[in-house]
Amino acid sequence: MFRQYPILLLTFFALLFSTTVRGNSFADISLAYTPSEINEIMVGDSMAPIIEIEANTPLPLGVAVILTELQDTSLTLAQGQLLGNALAEKGWNVVVSPLNLPMIKQTAPQANSTEDTQNSQTSVNNAPAEINASNDIVEGLHPRSNLLSQHLDFESATTHLTLHLNALNNHLQSRQGYRLYIAQGMAASSYLSALQMQPELYPDSFVAISPFWPETLVNSNVIENIAESSYPVLDISLDGVSEWSDLTAEERKKRSKNNLKIHYRQIKIPSKSLSFSINKKYKPLHIQQVADRTIGWTRHLGW
């Protein structure tokens, strides 16, 4: 029984460290750029950095806002900049906006069974639920099936993101043209829910890249949020990024079709595209594909 404690303590301290890293991430980003390369917006009572990239054409289409995060299942800052540069080449002013969402609940570790200890090592990328024959999400996820998911606070993350989106909206009020938002993973899931809470923040279009949340009920809400949305949605599914997103991919497409959602398209990018290189001139294939698909989508919308 005592063998459980080292693993549980390591899990707990890892969560605390993750929170500390998030708290310092904005300061690190600000220090990594010169004052001319970075701007700031007021989010609540604190400042948040943003990176702005001007369009390479004389008549910009509008503003593309790319939300980045720390998780490897979300768009990272580096990936966001690469994607932003690709969109700027096609006529978009771009705002890369790093998020600092409070996803971690501060709870004390508990000594559970050996089964709980083994489950605590399960990544948030792994989904324990399945879709049944009728394509419905299986409910009843056991509360101890994934210790890490118990520490993720969707409500707090979504509330904070709503504040962040309002700050971005205020910053971009004077900008002309279309408003396009792009987010991946848990940030995309939170974004969809934030729009449900505050419809006045609706974009002209949203590019959702493998949206998910590692909790069965919240993850199933992604399906409804997309299907019932009144704004155009490009649903990009990156194969192998998260089992939670893979779990709802087919149902997202089916429900949107059944709801007669006019402007919806789902595109799958295979896992072989998820590669990288230390060569700075090499643009990751999946980022290039996301950029190409996004441009194709906006042209489909007549922009």
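Draft legend 1. Representation of the overall build of the protein chain in the model. Broken down by element type, the protein chain carries eight helices and eight strands. Out of the 303 residues belonging to the protein chain, those deemed buried represent 50%. When contacts within the protein chain are restricted to residue pairs at least 6 apart in sequence, long-range pairs at least 24 apart make up 79% of them. Only carbon and sulfur atoms are counted for the fraction: they give 53% of the accessible area of the protein chain, which is about 14,700 Å².

Draft legend 2. Quick peek at the nonpolar core. Of all hydrophobic cores here, the largest spans 39 residues; its most connected members are V65, L67, L165, L168, Y181, Y191 and F206. Going through the elements one at a time, β1 (39–43), β2 (46–53), β3 (62–68), α4 (154–171), β5 (178–184), α5 (185–197), β6 (205–209) and α6 (216–227) are the ones with two or more residues in this core. Sorting elements by how many residues they give to this core places α5 first, with seven residues. If we skip the residues at most four places from it in the chain, L168 touches I41, I50, V65, L67, V95, S97 and Y181. Counting 33 residues, the second largest nonpolar core, distinct from the first, contains A86, V207, I269 and L301.

Draft legend 3. Region of the structure containing α5. In this model α5 runs 19 Å from its N-terminal to its C-terminal C-alpha over 13 residues, within 8% of the 18 Å that 1.5 Å per residue would give. Counting buried positions over the 13 residues of α5 gives 11, a clear majority of the element. Where α5 is concerned, the buried positions are G185, M186, A187, A188, S189, S190, Y191, L192, S193, A194 and L195.

Draft legend 4. Just the pattern of salt bridges, in detail. As enumerated under the stated definition, the model contains five salt bridges in all. The partner of R255 in a salt bridge is E224, and the shortest N-O contact between them spans 1.9 Å. Of the two residues, R255 is situated in helix α7 (residues 243–258) and E224 in helix α6; the sequence distance between them amounts to 31 residues. Connected through shared salt-bridge partners, E224, E251 and R255 make up one network.

Draft legend 5. Spatial organisation of the pairing of β5. Among the seven residues that make up β5, six are buried, leaving the element largely enclosed by the rest of the structure. In terms of strand pairing, β3 meets β5 through five bridges, oriented parallel. Across the sheet, the residue bridging to G62 is Y178, located in β5. Pairing analysis gives five bridges linking β5 to β6, with the strands arranged parallel. Each bridged residue has a counterpart across the sheet, and for Y181 the counterpart in β6 is F206.

Draft legend 6. Examining the side chain of S190 more closely. Mapped onto the elements of the fold, S190 is located in helix α5. Not counting residues up to four positions away in its chain, the partners in contact with S190 are L101, F154, A157, T158, L161 and W213.

Draft legend 7. Region of the structure containing unusual backbone geometry. Residues other than glycine seldom take positive phi values, yet S210 does so here, at roughly 45 degrees. Residue position: S210 is located in the loop between β6 and α6. A positive phi is found at L260, a non-glycine position, where the angle reads about 55 degrees. Within the element layout of this structure, L260 appears in the loop between α7 and β8 (264–269). Given the relative accessible area of 70%, L260 is considered exposed.

Draft legend 8. Here's a closer look at the sheet that holds strand β4 (residues 92–98). Judged by pairing direction, the sheet is mixed, and its eight strands sit side by side in the order β1-β2-β4-β3-β5-β6-β7-β8 without closing on themselves. One side of each edge strand has no neighbouring strand; the edge strands of this open sheet are β1 and β8. When strand polarity is set aside, the average angle formed by the axes of neighbouring strands in this sheet is 20 degrees. Bridge count for β3 against β4 is seven bridges, and the pairing is parallel. Bridge assignment links V65 to a residue of β4, and that residue is V95.

Draft legend 9. Representation of the packing of aromatic side chains in the model. This model, assessed by the stated rule, comprises six aromatic pairs. Geometrically, the ring pair formed by Y178 and W303 is stacked, given 4.2 Å between the ring centres and 10 degrees between the ring planes. Of this pair, Y178 sits in strand β5 while W303 sits in the segment after α8 (285–300); the two residues are 125 residues apart in sequence, bridging distant segments of the chain. Within the aromatic cluster, the residues linked to one another by ring pairs are W92, Y178 and W303. The aromatic ring of Y231 is capped on one face by K261, whose charged end is 5.8 Å from the ring centroid.

Definitions and limits used
Residues numbered from 1 in each chain as written. Predicted model: local features only at pLDDT ≥ 70, side-chain atom pairs only at ≥ 80, totals over all residues. Heavy atoms only, no water. Helix = DSSP H or I, 4+ residues; strand = E, 2+ residues; numbered from the N terminus. Buried < 20%, exposed > 50% of the residue type's maximum accessible area, 1.4 Å probe, protein only. Contact = heavy atoms within 4.5 Å. Areas by Shrake-Rupley, 256 points an atom, 1.4 Å probe, with all protein chains shown as cover. Core = buried A, V, L, I, M, F, W, Y, C linked by side-chain atoms within 4.5 Å. Expected span 1.5 Å × (residues − 1). Salt bridge = Lys/Arg side-chain N within 4 Å of Asp/Glu carboxyl O. Pairing = 2+ DSSP bridges. Axes fitted to C-alpha atoms, helices over the stretch in contact; angles between N-to-C directions. Phe/Tyr/Trp six-rings, centres within 6.5 Å; stacked < 30°, edge-to-face > 60°. Lys NZ or Arg CZ within 6 Å of the ring centre and 35° of its normal.

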